[in-house]
Amino acid sequence: MARTRTKNQATILSETMNKQVANFSVLYMKLHHYHWYIKGENFFTLHVKFEELYTEAALHVDTIAERLLALGGTPISTLQGALEMATISEATGDESTQDMVQTLADDLTAICKELTEGITSAEENDDQPTADLFTSIRASLEKHRWMLKAYLAE
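Undergrad: An account of the overall build of the protein is needed here, citing residue identities and associated values.
TA: Looking only at helices and strands, the protein has 5 helices and 0 strands in total. Secondary structure elements in the protein, listed N-terminal to C-terminal, are α-α-α-α-α. At 16 Å, the protein has a C-alpha radius of gyration in line with the 15 Å of a compact globule built from 154 residues. Oriented by its inertia axes, the alpha-carbon framework of the protein measures out at about 60 × 30 × 20 Å. Put simply, the protein has 154 residues, and 44% of those count as buried. Of the roughly 8500 Å² that the protein leaves accessible, carbon and sulfur atoms contribute 55%. Put simply, the protein has 13 plus and 23 minus side-chain charges, and the middle of one group is 5 Å from the middle of the other.

Undergrad: With reference to specific residues and values, describe the packing of aromatic side chains.
TA: Enumeration over the complete set of coordinates arrives at 3 aromatic pairs. Centroid distance Tyr-28 to Tyr-54: 6.0 Å. Interplanar angle 85 degrees. Geometry classified as edge-to-face. In this pair, Tyr-28 sits in helix α1 (residues 7-37) while Tyr-54 sits in helix α2 (residues 43-70), placing the two residues 26 residues apart along the sequence. On the accessibility criterion, Tyr-54 (12% relative accessible area) is buried. Centroid distance Phe-43 to Phe-44: 5.2 Å. Interplanar angle 80 degrees. Geometry classified as edge-to-face.

Undergrad: Describe the nonpolar core, and please don't skip the residues or the numbers.
TA: Core analysis: the biggest nonpolar cluster contains 41 residues, and Phe-24, Leu-27, Leu-31, Phe-50, Ile-64, Leu-104 and Leu-141 have the highest contact counts within it. Elements with a minimum of two residues in this core: α1, α2, α4 (97-124) and α5 (128-152). Counting residues per element, this core draws most heavily on α4, which supplies 10 residues.

About the thresholds
- Residues numbered from 1 in each chain as written.
- Predicted model: local features only at pLDDT ≥ 70, side-chain atom pairs only at ≥ 80, totals over all residues.
- Heavy atoms only, no water.
- Helix = DSSP H or I, 4+ residues; strand = E, 2+ residues; numbered from the N terminus.
- Rg over C-alpha atoms; globule rule 2.2 N^0.38 Å.
- Buried < 20%, exposed > 50% of the residue type's maximum accessible area, 1.4 Å probe, protein only.
- Areas by Shrake-Rupley, 256 points an atom, 1.4 Å probe, with all protein chains shown as cover.
- Lys, Arg positive; Asp, Glu negative; His and termini not counted.
- Charge placed at Lys NZ, Arg CZ, Asp CG, Glu CD.
- Phe/Tyr/Trp six-rings, centres within 6.5 Å; stacked < 30°, edge-to-face > 60°.
- Core = buried A, V, L, I, M, F, W, Y, C linked by side-chain atoms within 4.5 Å.

Shown next, in the form of structure tokens:
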């Protein structure tokens, strides 16, 4: 027999999901900044990669927010709210190419750690769809992180 989620458990899971809505919102803007301001010999490679990543970030924001709505939650939906809740920082505007890639690798590491915690929380709440969603996102981010770290090892 399935366990019944308590209000506290539902609140924790909702906060976990909202944190990722915030993180992917900040990441989306950061990636646009990097996409627009990348310069130098790696412009063509990174310009395309950053676009790929911000396109994926937009999908993650929407998918997590819609899952949160389906569970009766209220996704964060303002830039101010996203900045206040996110655990990653927005672009500073003075990053070098190397800094951009390293910052993204670090951001993906942090988000993957939080997604792992979210997977555990979802499973503890018998919410397999959310656990599956976070698992799928984490797998994709881990691949991107690996590629960014390989790029940094040049």
